[in-house]
Amino acid sequence: MTETVGPQTPAVARDGILGLLRAGGVLVLTGAGVSTASGIPDYRGPQGSWRKHRPMTYQEFRHDPAARHRYWARSYIGWRHLNRAEPNRAHRALAAFERAGRVAGVVTQNVDGLHAAAGTRNLVTLHGDLDKVMCLNCGAVEGRSNLDERLAQANPGYAEAVAHDPSTVNPDGDIELDGRWVERFHMVGCLVCGSVELKPDVVYFGESVPAERKDRATAMLAGARSLLVLGSSLAVMSGFRFVLDAGRAGKPVGIVNQGPTRGDSRAHWRWRTDVGEALEELSSELGSPRPEGTR
């Protein structure tokens, strides 16, 4: 992502965003940069996995059995890393802001479940949640943990035998894996119809956000006083459109991200810093209650 507007001093950006939170009713839109401190890499940051990993597309997953099998072999290993991730100070701070009435709700582009784990209640998971799996053949839904147990039974000793680098885990749970391990992996079928056409309940590239989620997120923005974007380059239109809609509605926009974003030219305040550090500083200034899980 290249610069589109000149830099803004940290003090000016911080004070502007502080004003949004003091006024309350802020809708927060989060991206992968909020979860990096939990050990989950982002796609487009300086070390983003986009530079070395091409995410699965919906068409490929839906119509290419070999690609789908490869995904599940790799995700079976990568899931172990994501499933151990814990909410970090950014997730906890946002939950505390919500309890204090400063944040009206959170719309997240992440699929890791960490906002819910931190206690955020008014939450829309725009791109879904890796914790659920759906059958493309009959529509049945199964918990990912339950599927994982069935995969472990079908692949005894597999996870323990595969050597992998945790740094190669991607935000969607995929991981780099040698082809011979993909061939050795055994996929299980749907509990209802037996089909192996199982898909994580997440929005893939080339797939549309479900209308119900989109409508709920849109209603949240309509009821908010302002929009605060955290840890997202806004490269994907499903996220960027919130900045566009906020601008059309005359709502102020603040962005906290370590690098430039697609929405910089439309934002009133742009704070280039670590999201966790920014939220900690804002919490201190506002005198908000300490996030749960801190001492």
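Each chain has its residues counted from 1, following the order in which its sequence is written. Reporting of local features is limited, given that this is a predicted model, to residues whose pLDDT is at least 70; pairs of side-chain atoms are given and counted only at 80 or more, and all residues count toward the totals for whole chains, interfaces and linings. Working from all heavy atoms in the structure, the side-chain values ignore hydrogens and water.

- Per an unreviewed UniProt entry, the protein chain is named NAD-dependent protein deacetylase, and its organism is Sinomonas flava.
- Its UniProt record, at the heading Function (unreviewed entry), says of the protein chain: "NAD-dependent protein deacetylase which modulates the activities of several enzymes which are inactive in their acetylated form."
- UniProt positions are given in the numbering used here, feature names are shortened, and annotations may be inferred rather than shown by experiment. Per its UniProt entry, the protein chain bears the Subcellular location (unreviewed entry) comment "Cytoplasm".

1. With respect to the packing of helix α1 (residues 10-23) against helix α11 (residues 275-286)
In step 1: To get an axis, fit a line to the C-alpha atoms, keeping to the stretch in contact for a helix; angles then go from 0 to 180 degrees between the N-to-C directions. Secondary structure elements follow DSSP: runs of H or I of four or more residues count as helices, runs of E of two or more count as strands, with numbering from the N terminus. The N-to-C vectors of α1 and α11 enclose an angle of 60°; their axes lie 11 Å apart at closest approach. The pairing of α1 with α11 is recorded here as oblique in orientation. When the axes of α1 and α11 are compared, the crossing they make is right-handed. Together, Arg14, Ile17, Leu18, Leu21 and Arg22 of α1 and Glu281, Leu282, Glu285 and Leu286 of α11 make up the contact between the two elements. Under this scheme an angle from 65 to 115 degrees is roughly perpendicular, one under 35 degrees roughly parallel, and one over 145 degrees roughly antiparallel; angles in between are oblique. Note on convention: the crossing is left-handed when the near helix lies turned anticlockwise from the far helix by less than a right angle, right-handed when the turn is clockwise. Contacts are assigned to residue pairs that have any heavy atoms within 4.5 Å of one another.

2. A closer look at the packing of aromatic side chains
In step 1: Ring pairs are drawn from Phe, Tyr and Trp, using the six-membered ring of Trp, whenever the two centres fall within 6.5 Å, and their geometry is named by plane angle: stacked under 30 degrees, edge-to-face over 60, tilted for the rest. Under the counting rule described, the total for this entry stands at eight aromatic pairs.
In step 2: Ring plane angle 35° and centroid distance 5.1 Å describe the contact between Phe61 and Tyr204, whose orientation is recorded as tilted. Here Phe61 is found in helix α2 (residues 58-63), whereas its partner Tyr204 is found in the loop between β6 (198-202) and α9 (211-222), with 143 residues between them in sequence. Taken as a pair, Phe61 and Tyr204 share a single burial class, namely buried.
In step 3: Ring centres of Tyr71 and Tyr204 lie 6.3 Å apart, and the angle between their planes is 75°; on these two criteria the pair is classed as edge-to-face. A residue pair is termed long-range when its members are at least 10 positions apart, and Tyr71 in helix α3 (residues 65-83) and Tyr204 in the loop between β6 and α9 qualify at 133 residues.
In step 4: When a residue's accessible area, from a 1.4 Å probe over protein chains only, is under 20% of the maximum for its type it is buried; when over 50% it is exposed; and in between it is partly exposed. For Tyr71, a relative accessible area of 2% gives the class buried.
In step 5: Among the aromatic residues, ring-to-ring pairing joins Phe61, Tyr71, Trp72 and Tyr204 into one connected group.

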